Amino acid sequence: MPLALLALAVGAFGIGTTEFVMMGLLPDVADDLNISIPTAGHLVSAYALGVVIGAPLLAAVTARLSRRKVLIGLMVLFVAGNALSAFAPDHHWLLAARFLSGLPHGAFFGVGAVVATGMVAPERKARAVSLMFLGLTVANIAGVPVATLMGQHLGWRATFIGVSVIGLAAIASLALLLPQDHAHAPAAGLRGELAALRSLPVWLALGTTVAGFGALFSAYSYITPMLTDSAGYADSSVTLLLALFGVGATAGNLLGGRLADRSMRATLFGGLISLAAVLALFPLLMTTEWSAALAVVLLGAAAFVTSSPLLLMVMEKASSAPSLASSANQAAFNLANAGGAWIGGLALTAGFGVTSPALAGAVLAVLGLGVAGVAYAVDQRHVVRTAGRVVATHVPHDREKTAVDR
């Protein structure tokens, strides 16, 4: 695997850290800025909104530029957003800075996926994507816990300064390790790239991402009360347990990349079935401390087995607009984050119990499996129609040849 993938992983590490660290810093930010925790929670939503808007917009606007320069420029924007977060004078400025920080997120992964797959042989594409995403999953093991502790002991502003330093390291890595490339015009043009997203298979692939990762976030958003109220862990143990989630996610991501290079569809189906099974077993697994820790690891592994095949499926279905399609997949991931948390919250509010968000997630995983099944059926119908056209084209020629021979 090319060393340049390390540069993409460093950028992903910084993005993963800043995306998830805010959840652990909400009480500190709320106290410092004299706002309520629910109001501080809007900072998480502002980042997600930035991702959803920035992912397709920046990918489309930069489609004709050198991908190396685009990736470096996106990390510059990332550093600017986090630096402004560190020095935001009030809640409103911090809200704007978090939105700015989210803008480059989806486009970075979208363009990065195209660069990563372009540097390796076709049979290694999924593994290349998984190595880029390695930075995102490792962020949950090391980046988020360390950044949270830094914020608790040195102040939350120090956390964003630290994340800005990671961004600067990513810029240096990209400049040193990524090969030079030239500005290019997309084969289909900008309108063609946007038109590629109108395809039904593309939307089915994005729908699978929303349902599949919505299943994850339905449970993960409320993992802390499950661990403390159901499994009996102390609040101080939660940070370590969330690092275990990162361990599972890292293992699942690497395994999914390797398996998807052999069979993308089988890996996707297997991952979604595993995710549904793990979530359905959560009420049982959350009854003891050791089984709850196992559940956290399995949740991360089952969910992130699907990350590489989902991204590659979207890129394959929109082959004329791979950067835009993979960026849209990141937007879908963040919609899954918001939607999954909302659905899990509905289950809690309805009084179904502290582990009910996991059961709601199991239903979403089954829904994702159904959408993936529909996508497979559409693909098979397309293959049959294509084969029929090929046969119809060649039959007259064969008959004419037979007549001549006679």
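Scroll up a little and you will see the structure.
Computed from a predicted structure; not experimentally measured.

A. Structural view of the overall build of the chain. Tallying secondary structure elements over the chain gives 17 helices and zero strands in all. Every one of the 406 residues in the chain was classed for burial, and the buried ones make up 52%. Excluding contacts between residues fewer than 6 apart, the proportion of contacts in the chain whose partners are at least 24 apart in sequence is 85%. Surface summary for the chain: the accessible area is close to 17,300 Å², and the carbon and sulfur share equals 69%.

B. Region of the structure containing the packing of helix α5 (residues 91-118) against helix α15 (residues 307-317). Between α5 and α15, whose axes approach to 12 Å, the crossing angle comes to 90 degrees. The orientation of α5 relative to α15 falls into the category roughly perpendicular. In this structure, α5 contributes A113, V114 and T117 to the contact, and α15 contributes L311, L312 and M315. Partitioned by chemical class, the residues of the contact of α5 with α15 number five nonpolar, one polar and no charged.

C. Structural view of empty space enclosed by the protein. Under the definition given, this model contains two cavities of 30 Å³ or more. Considering only enclosed or pocket space, the largest cavity measures out at about 90 Å³ in volume. F133, L136, T209, F213, F304, S307, L310, L311, N329, Q330 and F333 are the residues that line the largest cavity. Where the lining of the largest cavity is concerned, the elements lending two or more residues are α6 (125-154), α9 (200-220), α15 and α16 (322-349). Partitioning the lining of the largest cavity into residue classes produces seven nonpolar, four polar and no charged. Taken as a whole, the second largest cavity holds about 30 Å³ of empty space. Looking at the second largest cavity, the residues that line it are F20, N140, L216, F217, Y220, F245 and F304. Ranked by residues supplied to the lining of the second largest cavity, first place goes to α9 with three residues. Grouping the amino acids of the lining of the second largest cavity by side-chain chemistry returns six nonpolar, one polar and no charged.

D. Up close: the nonpolar core. In this structure, L174, L216, F282 and M286 are the most contacted members of the largest nonpolar core, which totals 90 residues. With nine residues, the single largest contributor to this core is α9. Setting aside its immediate chain neighbours within four residues, M286 contacts I223, M226, L227, S230, A231, A292, A295, V296 and T355. Among the nonpolar cores identified, the runner-up in size contains 16 residues, and M22, A40, A86 and F160 belong to it.

E. Representation of the environment of L95. Within the element layout of this structure, L95 appears in helix α5. Note on L95: relative accessible area 26%, which makes it partly exposed. Setting aside residues up to four positions removed in sequence, L95 forms contacts with H42, L43 and A46.

F. Broad picture of the pattern of salt bridges. Per the counting criterion, the structure on display carries three salt bridges. With a shortest N-O distance of 2.3 Å, R265 and D379 are connected by a salt bridge. Within this pair, whereas R265 is found in helix α12 (residues 264-280), its partner D379 is found in helix α17 (residues 356-405), the two being separated by 114 residues in sequence.

G. Just unusual backbone geometry, in detail. Even without being glycine, N34 reaches a positive phi, approximately 60 degrees. As for its placement among the helices and strands, N34 is situated in the loop between α1 (4-33) and α2 (37-40).

H. Region of interest: α9. Here α9 is 21 residues long and its end C-alpha atoms lie 30 Å apart, about the 30 Å a rise of 1.5 Å per residue gives. The buried count for α9 comes to 16 of 21 residues, which makes it a mostly enclosed element.

I. Up close: helix α4 (residues 67-86). The end-to-end C-alpha distance of α4 is 29 Å, a good match for the 28 Å that 20 residues give at a rise of 1.5 Å each. Among the residues of α4, those classed as buried are R68, V70, L71, I72, L74, M75, F78, V79, G81, N82, S85 and A86. Buried residues along α4 sit in contact with α1, α3 (42-61), α5 and α7 (156-177).

J. Representation of the packing of aromatic side chains within the structure. The full count for this structure, using the stated rule, is nine aromatic pairs. Between W156 and F160 the ring centres are 6.1 Å apart and the planes differ by 80 degrees, which places this aromatic pair in the edge-to-face class. Taken together, the residues span about one helical turn, with W156 and F160 both in helix α7 at a distance of four residues. By relative accessible area, W156 is classed as buried at 4%. Note on Y220 and F245: the rings are 4.3 Å apart at their centroids and 25 degrees apart in plane angle, and the pair reads as stacked. Taken as a pair, Y220 in helix α9 and F245 in helix α11 (residues 238-262) lie far apart in primary sequence, 25 residues in all. Residues Y220 and F245 agree in their burial class; the two are buried.

K. The environment of L255, seen in detail. Position of L255 among the secondary structure elements: in helix α11. Along the backbone, L255 and V305 are 50 residues apart, and their C-alpha atoms lie at a distance of 6.4 Å.

L. Seen up close, the environment of S173. With respect to the helices and strands, the residue S173 is situated in helix α7. Since its relative accessible area comes to 18%, S173 is described here as buried. Considered as a pair, S173 and L6 are 167 residues apart in the sequence and their alpha carbons are 7.9 Å apart. If we skip the residues at most four places from it in the chain, S173 touches A7, V10 and L178.

What counts, and at which threshold
Along each chain, residue indices are assigned from 1 in the same order as the chain's sequence is written. Reporting in this predicted model follows two pLDDT cut-offs: at least 70 for local features of residues, and 80 or more for side-chain atom pairs to be given and counted; totals over whole chains, interfaces and linings ignore these cut-offs and use all residues. Values reported for side chains reflect all heavy atoms of the structure, with hydrogen atoms and water molecules removed beforehand. A run of H or I in DSSP counts as a helix once it spans at least four residues, and a run of E counts as a strand once it spans at least two, with each numbered from the N terminus. Exposure classes here rest on a 1.4 Å probe applied to the protein chains alone. A residue is buried below 20% of its type maximum, exposed above 50%, and partly exposed in between. Contacts are residue-level and defined by heavy atoms, with any inter-residue pair within 4.5 Å sufficient. Using a 1.4 Å probe, the Shrake-Rupley method yields the accessible areas, and only the shown protein chains count as cover for residues. The angle between two axes is taken between their N-to-C directions and runs from 0 to 180 degrees, where each axis is a line fitted to C-alpha atoms and a helix contributes only its stretch in contact. Here is the rule for angles: anything less than 35 degrees is roughly parallel, anything more than 145 is roughly antiparallel, 65 through 115 is roughly perpendicular, and the remaining ranges are oblique. All amino acids are sorted into three groups, where Ala, Val, Leu, Ile, Met, Phe, Trp, Tyr, Cys and Pro are nonpolar, Asp, Glu, Lys and Arg are charged, and the leftover types, Gly among them, are polar. Cavities and pockets are defined on a 1 Å grid built over the protein atoms alone: a cavity is a set of grid points where a 1.4 Å probe fits but cannot escape, while a pocket is an open set with protein on both sides within 12 Å along at least five of seven lines, and lining residues are those with an atom within 4 Å of any such point. Grid points are joined across faces, edges and corners, and a volume is the space filled by probe spheres set on the points. In plain words, nonpolar cores are sets of buried Ala, Val, Leu, Ile, Met, Phe, Trp, Tyr and Cys residues tied together by side-chain atoms within 4.5 Å. By salt bridge we mean one thing: a side-chain nitrogen of Lys or Arg within 4 Å of a carboxyl oxygen of Asp or Glu. A helix is expected to reach a length of 1.5 Å times the quantity of its residues less one. In summary, the pairing rule links any two rings of Phe, Tyr or Trp, Trp by its six-membered ring, whose centres are within 6.5 Å, and it sorts them by plane angle into stacked for under 30 degrees, edge-to-face for over 60 and tilted for everything else.

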